[in-house]
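# Observations on the three-dimensional arrangement
Listed below are the residues making up each chain.
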Amino acid sequence: MPVTIYHNPRCGKSRDTLKLIEAKGIHPDVIEYLKTPPSAAELKQILSWLGVPAKDILRGKEAAENGIDPGLPEDRLIAEMIAHPIVIERPIVVSNGQARVGRPPEKVLEIL
């Protein structure tokens with residue numbers, strides 16, 4: 001079963017989550033989402049697998065720094081998240097039609 005991690009190598013939680021996955025013998029597809037943000041369709045799919053609206057994976061401090069109002073309509077918020085991927089919570093792990101935010105990192109074990 002393929003595993004993908006939307007990863008920020010500068011984030012401790014993201015690094016810890018990647019190490020945890022690799023310790024299980026899994027070699028995930030690593031997407032550095034700051035360099036390669038998901039498309040709107042990909043982000044909508046991830047949100048569907050997470051079962052949450054976009055505002056639930058919006059990093060508050062980074063959103064404020066980028067002038068993004070969490071009360072925006074869903075499609076507009078997704079567009080802002082793609083334009084400013086630093087505001088997307090990290091890491092997000094996707095596997096077998098499910099997704100989890102790695103906060104804490106052990107949360108991703110639920111889908112591996």
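The following paragraphs examine the structure supplied in this document. Predicted model, so just to flag it, every value in this text is computed and none were measured. (Residues numbered from 1 in each chain as written. Predicted model: local features only at pLDDT ≥ 70, side-chain atom pairs only at ≥ 80, totals over all residues. Heavy atoms only, no water.)

## Concerning the pairing of strand β1 (residues 3-7)
- With five of its five residues buried, β1 lies for the most part within the structure.
- Burial of β1 is two-sided: the residues Val3, Ile5 and His7 facing one way and the residues Thr4 and Tyr6 facing the other way are all buried.
- In this structure, β1 lies alongside strand β3 (residues 92-95), joined through four bridges in antiparallel fashion. Note that in β3 the partner of tyrosine 6 across the bridge is isoleucine 92.
- Two elements, β1 and strand β2 (residues 29-32), share four bridges in a ladder whose sense is parallel. Across the sheet, isoleucine 5 pairs through a bridge with valine 30, a residue of β2. (Buried < 20%, exposed > 50% of the residue type's maximum accessible area, 1.4 Å probe, protein only. Helix = DSSP H or I, 4+ residues; strand = E, 2+ residues; numbered from the N terminus. Pairing = 2+ DSSP bridges.)

## A look at the environment of glutamate 74
- Within the element layout of this structure, glutamate 74 appears in helix α4 (residues 74-83).
- When its relative accessible area of 33% is taken as the criterion, glutamate 74 is described as partly exposed.
- Counting along the chain gives 30 residues from glutamate 74 to lysine 44, while the straight-line C-alpha distance between them is 9.6 Å.
- With residues near it in sequence (within four places) discarded, glutamate 74 still touches Leu47, Pro53 and Ala54.
- A distance of 2.9 Å separates a polar atom in the side chain of glutamate 74 from the backbone nitrogen of alanine 54. (Contact = heavy atoms within 4.5 Å. Polar contact = N/O pair within 3.5 Å; in protein donor to acceptor, adjacent residues only side chain to side chain.)

## Side note on α4
- Turning to α4, its buried residues are Leu77, Ile78, Glu80 and Met81. Each buried residue of α4 lies within a common arc of 160° when the element is viewed along its axis, so the set occupies one face. Away from its buried face, by an angle of more than 90 degrees, α4 presents the exposed residues Asp75 and Ala83. (Arc of directions from axis to C-beta.)

## A short note on the nonpolar core
- Of all hydrophobic cores here, the largest spans 21 residues; its most connected members are Tyr6, Leu50, Ile57, Met81 and Ile92.
- Looking at this core, the elements with two or more residues in it are α2 (40-50), α4, β3 and β4 (98-101).
- Looking at which element gives the most residues to this core, the answer is α2, with four residues.
- Those residues in contact with leucine 50, other than ones at most four positions away along the chain, are Ile57, Ile92, Ala99, Arg100 and Val101.
- Of all hydrophobic cores here, the second largest spans eight residues; its members include Val3, Ile5, Ile21 and Ile26. (Core = buried A, V, L, I, M, F, W, Y, C linked by side-chain atoms within 4.5 Å.)

## Thoughts on the side chain of serine 14
- Relative to the assigned elements, serine 14 resides in helix α1 (residues 12-23).
- A polar atom in the side chain of serine 14 sits 2.6 Å from the side chain of histidine 7.
- Each residue touching serine 14, except ones within four places of it in the same chain, is listed here: Ile5, Tyr6, His7, Asn8 and Pro91.

Geometry only, nothing functional implied.
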